[in-house]
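Working through the structure, step by step
Now for the letters of each chain:
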Amino acid sequence: MEADAAAAPEGLSSEDAARRLARDGPNRLPDAGRRRWRRIAADAAREPMYLLLAGAAVLYLLLGEPREGAFLLGMVCLMLCMTLFQEGRTERALQALRDLSSPNALVWRDGRVQRVPATALVEGDVVELGEGDRVPADGLLLSAAGLLVDESLLTGESVPVGKLAAPQGSAPAAPGGADLPWVYSGTLVVQGHGLARISATGIRSEIGRIGAALGHIEPPRGRLQRETTLLARRFALLGAVVSLSLVLLLVARGGDWLQALLAGIALSMSMLPEEFPVILTVFPAIGAWRLARQQVLTRRLAAIEILGSTSVLCVDKTGTLTENRMAVAALWRDGVPHEPAAGVPMPALHRELLAYALRASRELGSDPMEAAFWRLAADALPDGGATPRGWSLVHEYGLTPQRPALVHIWDRGDGTGLAAAKGAPEAIAAMCRTDEARRNAVLGAAARMAGAGLRVLAVARAPAGGGPWPDDPAGFGFELLGLAALADPLRQDIPDAVAACREAGLRIVMITGDHPQTASAIARQAGLGGGEVLTGAQIESLDGEALARRLDGVDVCARIAPQQKLRIVQALQRNGAVVAMTGDGVNDAPALRAANVGVAMGRRGTDVAREAAELTLLDDRFASLVEAIASGRRIFGNMRKSMCYVMAMHVPIAGMALLPVLLGWPVLLYPLHIVFLELVIDPACSLAFENEPAEPDMMRRPPRALDDALFGREAILGAVAQGTWVLALLTLLYAWALSQLPEAEARAVAFAGLILCSLALLLSNRQQGGVRGTLRTANPVFWTIAGVALLLLALAVFTPPAASMLLLAPPAPAMLGVAGLTAMLALAGLELRKLRLARRR
């Protein structure tokens, strides 16, 4: 398609845009995905734990104990407030992620192009559209060059439609028609570029009118949610059966049925692991928020689970391993090299080469190589490389996988035309009518430059008539002018990041479209190793199985077409690898979607790539991805620790609610006691473990298997073993206390032992190492929880009103010392078990 050159638009002024934004509101659809506090409270109130608490409060009122019933209702409110706090924190983190993931737009304001959030667009704004962008609002095209738009979101038709500009205006039309000048919010630019004036935003856009809110699609439940929901249901069913049996047993023994029902409710509450949903909600959401602060945006929380299993990183070179800060390092023409430098005049031969490179570049493009040409022209050419007066761009041949070259056709205003081309040396040489000796000389010079780690482009020119234009630009009969070599230095933090990956058992495969020698030079600088280089041409000759075998010893894939990235990812996965893949273009989307974790570039990436990926690197740094993998391992490990602690702690709670009754001893735990314990367990499992630092050797361990369950059979047995050890000690403690003290004091000693043992379990599960190392590991939240728990215990035992409600009496300090000694013995046993397991490993 053709594109007429147009003067740069001024767009709106900032003041006018602000007035229109205040009048029309932000450019977004109503957000129904955010849960307000009323909905959070209503959802929480339907949880079994709160229903059991409310039932217990009613029973206390029926027993004629209004103080206990009121206190229990107060505890219900307190726990509900804690839930609101935790869920609110989660919602704030998720909202922060939504704000971060809001797309940006290139808009003309105050006579210059600016990048602003799409939500700030208003009617009348002029926006730049490019390949891979999501159209931010409905608009009329002022200019278009080869623009193809996927409007399937609105029409259901998967074939992209072409667009034509209508600078003087056009009647509004429905989506779906070809060669129309209208673009619509939410649709995707799959090819070309253009300029559009916004005509409708937010709910006034086409997508707003038909109510198609993209963010309202509920994602499928993840594997972790399914596993833990099944586990919680099994415990709930077991708790119901055991509790009913306990009630029947107490009534059969002649006990009061209301007291028996209270004991049964306490047992049900003790066996219900209602903390599991809290863990599954809080950890990924807060973890994703922490990742966002490290410049890694998590679009799908399930990706955090997979990060810890990643075994292969497939990464781009440009902008990921390198700084994506291109500068022209050398120009080569007719065997004569020239290295641009400040104050050194450029020979006329090379000035002409640079001028034709500019004619094959987009002046407003975001390509870093084209930007490098324009920067050099500003210093080296008298007119700064400006388009000659009277010239106009009339046609463009865009880059394709088969022809990595960009060709511009110019009308010089005097009845003649000119074609300028730049691209990969092999592709440009194939388009040129050049003798073999010159072709070999040019390609040899390109190979030498590439061997020095430079990115090399060839430049060519040809006369062009007035059209029609050939389908293949090679028909112009280009003349090969010379080469331009660009340098993109390696990021300073790459060698350390690569070394950290190797230590963590992660394999890195660099995938690039560059010359093999350029790619090898950068790989050596990055420390990727001396593995084999595999080229796109070689991949074409291999089937899936052969490619999987060939990739075993490969560190670098060069001259790779975007569609070949998908084959590389699938081949690695066929070998059992868990693949994280970086990408930035429209054609990268299939590979990003196929990878176990797709990683899009935030700065140079397209909207299509970002939507296909699970993660977005906001700063495009490879080191940020390595930090994300470390964070993913920490989050997964802390989730497992938290669930292990919850499971282990519920064993002694359930046991001490059941065993005394079975043994004919006085009941130890009533609903009030369970509420007290929940005040310790809930913040411990969510806040203390979520804030726990990573294990010191976490990034020296190999990746875990992808099918390694968060809380599998081994973890469950380990938690039950911990809980059983603590239960045995507490049973002995209660038996001894009953033989030495009155019932209320004995209950106080055993209850204090239970609280202290919960802290021992919490301390032991924080880190896999010994308790000394754990105590040296900073976690102020743990110490806060421990201090609050001890304070509440002191108030419960020594404050008469609280002690009376909890059926406790203050024992002698020496007796409480026995409870502390029991907790220390519990901690010693837990640490011995960890030591034995460490020796096995």
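Residues numbered from 1 in each chain as written. Predicted model: local features only at pLDDT ≥ 70, side-chain atom pairs only at ≥ 80, totals over all residues. Heavy atoms only, no water.

Focus on the overall build of the chain
In plain terms, the rule: The helix and strand labels rest on DSSP assignments: H or I over at least four residues marks a helix, E over at least two residues marks a strand, and numbering proceeds from the N terminus. Note on classification: 1.4 Å probe, protein chains only; a residue is buried when its accessible area is under 20% of the maximum for its type, exposed when over 50%, partly exposed between these limits. Residues count as neighbours in contact if any of their non-hydrogen atoms are within 4.5 Å of one another. Throughout, the Shrake-Rupley method with a 1.4 Å probe supplies accessible areas, and for residues the shown protein chains are the sole cover considered.
Scanning the chain for helices and strands turns up 29 helices and 22 strands. Looking at the chain as a whole, 53% of its 841 residues are labelled buried. Of the contacts made within the chain by residues no fewer than 6 positions apart, 71% connect residues no fewer than 24 positions apart. Counting only carbon and sulfur atoms, one obtains 59% of the accessible surface of the chain, whose full area is about 35500 Å².

Remarks on the packing of helix α22 (residues 622-662) against helix α23 (residues 671-690)
Packed helices, taken two at a time, are described by their axes: the angle between them and the distance between them. Basically, it comes down to this: Convention adopted: a line fitted to C-alpha atoms gives each axis, helices being fitted over their contacting stretch, and angles between N-to-C directions are expressed from 0 to 180 degrees. Note that the term roughly parallel is reserved for angles under 35 degrees, roughly antiparallel for angles over 145, roughly perpendicular for angles of 65 to 115, and oblique for everything else. A crossing counts as left-handed when the near helix is turned anticlockwise from the far one by less than a right angle, and as right-handed when that turn is clockwise.
Direction vectors running N to C along α22 and α23 enclose 165 degrees, while the axes themselves pass 8 Å from each other. The pairing of α22 with α23 is recorded here as roughly antiparallel in orientation. For the pair α22 and α23, the sense of crossing is right-handed. Counted together, Arg 634, Asn 638, Lys 641, Ser 642, Tyr 645, Val 646, Met 649, His 650 and Ile 653 of α22 and Ile 674, Leu 677, Glu 678, Ile 681, Ala 684, Cys 685, Ser 686, Phe 689 and Glu 690 of α23 form the full contact between these two elements.

Some remarks on the nonpolar core
Filter applied, for reference: Here, nonpolar core means buried Ala, Val, Leu, Ile, Met, Phe, Trp, Tyr and Cys residues that are tied together by side-chain atoms lying within 4.5 Å of each other.
Ranked by size, the top nonpolar core spans 107 residues in total, and within it Leu 313, Phe 622, Tyr 645 and Leu 669 carry the most contacts. It is α22 that provides the largest number of residues to this core, a total of 20 residues. Once you skip the residues sitting within four places of it in the chain, Phe 622 turns out to touch Leu 313, Val 315, Thr 320, Leu 321, Ile 494, Ala 497, Val 498, Cys 501 and Ile 508.

A closer look at the packing of aromatic side chains
Stated formally: Geometry of aromatic contacts follows a simple scheme: Phe, Tyr and Trp rings, the Trp one being its six-membered ring, pair when their centres are within 6.5 Å, and the pair is stacked under 30 degrees between planes, edge-to-face over 60, tilted otherwise. The rule is short: NZ of Lys or CZ of Arg within 6 Å of the ring centre and within 35 degrees of the ring normal puts a charge over the ring.
Applying the stated criterion to the full structure yields seven aromatic pairs. When the centroid spacing of 5.7 Å and the interplanar angle of 45 degrees are considered together, the rings of Tyr 645 and Phe 689 count as tilted. Remark: Phe 689 occurs in helix α23 and Tyr 645 occurs in helix α22; sequence separation between them is 44 residues. We note that Tyr 645, like Phe 689, is buried. Plain terms: the ring middles of Phe 782 and Trp 783 are 4.9 Å apart, the flat faces sit at 70 degrees to each other, and that makes the pair edge-to-face. Sitting over the ring of Trp 410, Arg 359 keeps its end group 5.7 Å from the ring centre. Between Arg 704 and the ring centre of Phe 636, over which it is positioned, the NZ or CZ distance is 3.4 Å.

Description of the sheet that holds strand β19 (residues 554-558)
Our working rule: Two strands qualify as a pair provided DSSP detects at least 2 bridges between them.
Taken in spatial order, the eight strands make up an open sheet running β8-β22-β21-β20-β9-β17-β19-β18, and their pairing is mixed. Of all strands in the sheet, those with a lone pairing partner are β8 (296-298) and β18 (532-535), marking the two edges. Within the sheet, the average angular offset between the axes of one strand and its neighbour, ignoring direction, is 20 degrees. Bridging between β8 and strand β22 (residues 615-617) involves three bridges; their strand directions are antiparallel. Bridging from a neighbouring strand, Val 296 pairs with Leu 617 of β22. Its contacts with the sheet place helix α16 (residues 516-526) against β17 (507-511), β18 and β19, and it is angled at close to 140 degrees to β19.

So, the sheet that holds strand β11 (residues 336-338)
The antiparallel open sheet is built from seven strands, whose spatial order is β11-β10-β16-β15-β14-β13-β12. Each end of this open sheet is capped by a strand with a single partner; those strands are β11 and β12 (392-397). Each adjacent strand pair in this sheet contributes to an overall mean axis angle of 25 degrees, direction not counted. In the sheet, strand β10 (residues 327-333) pairs with β11 via three bridges, with the strands oriented antiparallel. Bridging across to β11, Arg 333 finds its partner in Val 336. Here helix α12 (residues 368-380) sits on the sheet and contacts β10, β13 (405-411), β14 (417-423), β15 (455-464) and β16 (479-487); the angle it forms with β10, its principal contact strand, is near 80 degrees.

Observations regarding helix α27 (residues 780-798)
Every α-helical turn comprises 3.6 residues, leaving residues that sit three or four positions apart pointing alike. Our working rule: To estimate the expected span of a helix, count its residues, drop one, and scale the result by 1.5 Å. Think of it as the arc spanned by the lines of direction from the helix axis to the C-beta atoms.
Compared with the 27 Å implied by 1.5 Å per residue over 19 residues, the 27 Å span of α27 between its first and last C-alpha is a close match. Here α27 has its buried residues at Phe 782, Ile 785, Ala 786, Ala 789, Leu 793, Ala 796 and Val 797. The buried side chains of α27 occupy one side of the element, clustering within an arc of 100 degrees when seen end-on. The exposed residues of α27 that point more than 90 degrees off its buried face are Pro 780, Thr 784 and Leu 791. If you follow the buried residues of α27, they end up packed against α23, α25 (743-766) and α28 (800-805).

With respect to the confidence of the model for the chain
Short version of the rule: pLDDT is a per-residue confidence score from the predictor, ranging from 0 to 100.
Here the chain averages 82 in pLDDT, and 82% of its residues register 70 or above. Per-residue pLDDT, averaged within each element of the chain, yields its smallest value for helix α3 (residues 48-62) (57) and its largest for α25 (95). A low-confidence stretch, residues 1-7 stays under pLDDT 50, and its non-local contacts, those more than four residues away or across chains, total 18 contacts.

With respect to the environment of Ile 304
Structurally, the position occupied by Ile 304 is in helix α10 (residues 302-307). Not counting chain neighbours up to four residues away, the residues in contact with Ile 304 comprise Pro 284, Gly 287, Ala 288, Leu 291, Thr 298, Gly 632 and Ile 635.

Some words on the pairing of strand β1 (residues 104-109)
Judged from the six bridges that link them, β1 and strand β2 (residues 112-117) form a sheet pairing that is antiparallel. From the neighbouring strand, Val 107 faces β2, where its bridge partner is Gln 114. In this structure, the hairpin formed by β1 and β2 is closed by a connection of two residues, where Asp 110 is found at a positive phi of approximately 55 degrees. In the sheet, β1 pairs with strand β3 (residues 126-130) via three bridges, with the strands oriented antiparallel. Residue pairing for β3: Trp 108 is matched across the bridge by Val 126.

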